[in-house]
Amino acid sequence: MLGTTALAMMAPGARAQTVPRNVRMLVGFAAGGPTDLVARLYAERLRPNYAPAALVENRPGATGRLALEAVRTAEPDGATMLMSPASVMTLQPHIFPREARHDALTNFVPVCTLCEFAFAIAVPASHPAQSFAELTTWLRAQTGPDVAFGSPGAGSGGHFVGDMVGRALGVTMSHVPYRGAAPAVTDAVAGNIPIVVTVLSDVMPHHGRGLRILAISGPERVSRLPDVPTIAESGFRDLIVTDWMGLFLPARTPNAIALSLYNTIAAAAATPEVRSALDRLEFLPIITRPDDFAARIGRERENWVRIVRDSGFRPET
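Residues numbered from 1 in each chain as written. Predicted model: local features only at pLDDT ≥ 70, side-chain atom pairs only at ≥ 80, totals over all residues. Heavy atoms only, no water.

Enquirer: Looking at this structure, how should I read unusual backbone geometry?
Expert: Along the chain, Arg47 connects to Pro48 via a cis peptide bond; the corresponding omega equals 0 degrees. Mapped onto the elements, Pro48 comes out in the loop between α2 (34-43) and β2 (54-58). In this model, Arg252 sits at a positive phi of 75 degrees, which is unusual for a non-glycine residue. Of note, Arg252 is situated in the loop between β9 (242-250) and α10 (255-269). According to the relative accessible area criterion, Arg252 is exposed, its value standing at 68%. Despite not being glycine, Glu282 shows a phi value in the positive range, around 65 degrees. Residue Glu282 is classed as buried on the basis of its relative accessible area, which comes to 10%. (Helix = DSSP H or I, 4+ residues; strand = E, 2+ residues; numbered from the N terminus. Buried < 20%, exposed > 50% of the residue type's maximum accessible area, 1.4 Å probe, protein only.)

Enquirer: Would you mind showing me how to read the domain arrangement of the chain here?
Expert: Note: interface size is frequently given as the accessible area lost on complex formation between the parts. In terms of domain boundaries, the chain breaks down into domain 1 (23-116 + 244-311) and domain 2 (118-234). Computed from C-alpha coordinates alone, the two centres of domain 1 and domain 2 are separated by 27 Å. Taken together, the twelve residues of domain 1 in the interface contact twelve residues of domain 2. Between domain 1 and domain 2, the buried area comes to about 1,100 Å², and carbon and sulfur atoms account for 63% of it. Area buried by domain 1 at its contact with domain 2 is led by Glu282, Ile307 and Ser311, which between them contribute 45% of it. The interface formed by domain 1 and domain 2 holds one salt bridge in total. For Arg224, the salt bridge goes to Glu282, with nearest N and O atoms at 2.6 Å. If you look at where domain 1 meets domain 2, you find two residue pairs in polar contact (both at pLDDT 80 or more). Broken down by secondary-structure element, the contributors of at least two residues to the side of domain 1 that touches domain 2 are α11 (272-280) and α12 (290-311). It is α12 that provides the largest number of residues to the side of domain 1 that touches domain 2, a total of five residues. Here the residues of the side of domain 1 that touches domain 2 sort into seven nonpolar, one polar and four charged. (Domains from an automatic or database assignment. Contact = heavy atoms within 4.5 Å. Buried area = accessible area lost by both parts, 1.4 Å probe. Salt bridge = Lys/Arg side-chain N within 4 Å of Asp/Glu carboxyl O. Polar contact = N/O pair within 3.5 Å; in protein donor to acceptor, adjacent residues only side chain to side chain. Nonpolar A, V, L, I, M, F, W, Y, C, P; charged D, E, K, R; others polar.)

Here it is in structure tokens:
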């Protein structure tokens, strides 16, 4: 973890530490997805202050862990980095304890977050609930089988947000895991499942065109959905869940290199081009300083222990 003394070394005007060769930013998911798009957005802006050029390398598989292992065992020279969603680092160790043997704070140097985003509760356009309050009433009035909700997969953030909402409302909902967000959203648009819980950017293109977003899990409303409340303001003050994408280097990477990468990313995030591109994805350009990022990872890992336990989730389910 990077200390405040090291951070002071990179005060404005300090000489940046550059990597003298092309670098690789590994992504554990297929090209074209949100993680890949954010990685490419920032990789283009690592030149020339950090490296001559940066290439994005997709290594999909094992829910992001193939890329993670490649970076974990890479030389700690700043030339290989990992772009990862939060779940790989903070949630997977609790839901796949045998497979996810990594530790974000000891096997890696957490450099910074790149962006932050919320989850959304959405229903088909044909659903009788026009608001989150009406959905609450509708759920509590159901007397038949448990109402189903879909998510991108068992153990995903959407899975646990949906479970948390159900428990907060005092209703039992049946989780239907899909193989990714796309089929879950498609089924919801078709009316085959009454509720879908996934990242806001997954459902935003369908809002008012097949789906209706009723609430989001972030701490405040988003500008493009001014009439959609947060779950917290709807009476559930403790139900605030956000996700992030972050940048990691192998453990033992020199502080000067990690801090140079952080400063380069922070400068890129302040540009109108990056802010506009992230806004189109419904992501906020939240750049967390290295020490704060490491502390956030530690807190979130502990929070997920409780959430996973309370849900009754088991890897085989």
